[in-house]
Amino acid sequence: SILIFNDLYKYLFNQCLVNFNKEDEAKIKNFLKDNPPKYEWDGLKVDEIYNKCRFLSAIQFLDNISNYKTVFEKMEVLTNVNTLISEEAKNIYESHEKGNFIPQGDFILSFWIYVVAHCKTKNIIAESQFINLFGLNGYNASNYVATTFVTAVDSIKLELLQSEKLILSQYVEPNKII
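Residues numbered from 1 in each chain as written. Predicted model: local features only at pLDDT ≥ 70, side-chain atom pairs only at ≥ 80, totals over all residues. Heavy atoms only, no water.

Trainee: Any chance you could break down the pattern of salt bridges for me, citing the residues and the numbers?
Mentor: In the structure shown here, the tally under the stated rule is 3 salt bridges. Glu127 is the salt-bridge partner of Lys74, the closest N and O atoms lying 2.6 Å from each other. Of this pair, Lys74 sits in helix α4 (residues 71–96) while Glu127 is found in helix α6 (residues 124–134), placing the two residues 53 residues apart along the sequence. The residues Lys74 and Glu127 share a single accessibility class, namely buried. As a salt-bridge pair, Lys157 and Asp154 come within 4.0 Å of each other at their nearest N and O atoms. Of this pair, Lys157 and Asp154 are both found in helix α7 (residues 141–163), 3 residues apart, which corresponds to roughly one turn of the helix. Look at Lys157 and you get buried, because its relative accessible area is 18%. Classification of Asp154 as partly exposed rests on a relative accessible area of 29%. (Salt bridge = Lys/Arg side-chain N within 4 Å of Asp/Glu carboxyl O. Helix = DSSP H or I, 4+ residues; strand = E, 2+ residues; numbered from the N terminus. Buried < 20%, exposed > 50% of the residue type's maximum accessible area, 1.4 Å probe, protein only.)

Trainee: Please set out helix α5 (residues 105–118) residue by residue, giving values where relevant.
Mentor: Along its 14 residues, α5 runs 20 Å from first to last C-alpha, staying within 8% of the 20 Å computed at 1.5 Å per residue. Every buried residue of α5 is listed here: Ile108, Ser110, Phe111, Trp112, Ile113, Tyr114, Val115, Val116 and Ala117. (Expected span 1.5 Å × (residues − 1).)

Trainee: Residues and numbers for the confidence of the model for the protein chain, please.
Mentor: Overall, the predicted model of the protein chain reaches an average pLDDT of 85, with 88% of residues at or above 70. Mean pLDDT across the secondary structure elements of the protein chain bottoms out at helix α1 (residues 2–34), with 82, and peaks at helix α3 (residues 56–62), with 98. In this model, residues 171–176 is a region of pLDDT below 50 whose contacts with residues beyond four sequence positions or in other chains number 0 contacts. (pLDDT = per-residue confidence, 0-100. Contact = heavy atoms within 4.5 Å.)

Trainee: Now, about the packing of aromatic side chains: what can you tell me, with residues and values included?
Mentor: Evaluation of the coordinates by the stated rule reveals 16 aromatic pairs. Ring plane angle 85 degrees and centroid distance 5.4 Å describe the contact between Tyr9 and Phe130, whose orientation is recorded as edge-to-face. Taken together, the residues Tyr9 in helix α1 and Phe130 in helix α6 connect sequence positions 121 residues apart. Here Tyr9 and Phe130 have matching classes, each one buried. An aromatic cluster is present here, built from Trp41, Tyr50, Phe55, Tyr93, Phe101, Phe107, Phe111 and Tyr114 joined pairwise through their rings. Over the ring of Phe13 we find Lys74; its NZ or CZ atom is 5.0 Å from the centre of that ring. Lying across the ring of Phe130, Lys74 places its NZ or CZ 5.7 Å from the centre. (Phe/Tyr/Trp six-rings, centres within 6.5 Å; stacked < 30°, edge-to-face > 60°. Lys NZ or Arg CZ within 6 Å of the ring centre and 35° of its normal.)

Trainee: Describe the packing of α4 against α6, listing the residues and the values that go with them.
Mentor: Running from N to C, α4 and α6 point in directions that differ by 115 degrees, and their axes come no closer than 10 Å. In this view, α4 runs roughly perpendicular relative to α6, as classed from their interaxial angle. Relative to α6, the crossing made by α4 is left-handed. Across the interface between the two elements, Val71, Lys74, Met75 and Leu78 from α4 touch Glu127, Phe130, Ile131 and Phe134 from α6. Split by residue class, the contact of α4 with α6 holds 6 nonpolar, no polar and 2 charged. (Axes fitted to C-alpha atoms, helices over the stretch in contact; angles between N-to-C directions. Parallel < 35°, antiparallel > 145°, perpendicular 65-115°, else oblique. Left-handed = near helix turned anticlockwise from the far one by under 90°. Nonpolar A, V, L, I, M, F, W, Y, C, P; charged D, E, K, R; others polar.)

Below is the structure:
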């Protein structure tokens, strides 16, 4: 049964998701390489306190997501990345402010966008779609983290579509049937 699952994963991930998004992945990676300030702290418009965050350990951990084949393992990677993001943000915040760090959705999403924009994760779009297709099934902390990751990847894709007039190869124009 492990061999069947492994073959199924290879087909779904490599033959379907990776091949389907290959051109878009290249366009996004090139744009991020050519326009790094857009995804630095000034461009993301977060509180100045967080400008010292680099999230290097979170980025390195995310880069390992492709080493895992099951959605459960990939979700665990995302949970660990989220923990690393939260810990670094908390340490920076609490070293400069007298209050406690209280993570808020907008900040966390900005942190994830920063991590996704700076990671070297191979096939990040396919990873996001795999999580979206097979990993989101309810309302719990793990699914919240996975949704935040998927939203971060989608936000970068959508921003590129709008601001740079890039035409991603997988864009589908809806048609009205009368």
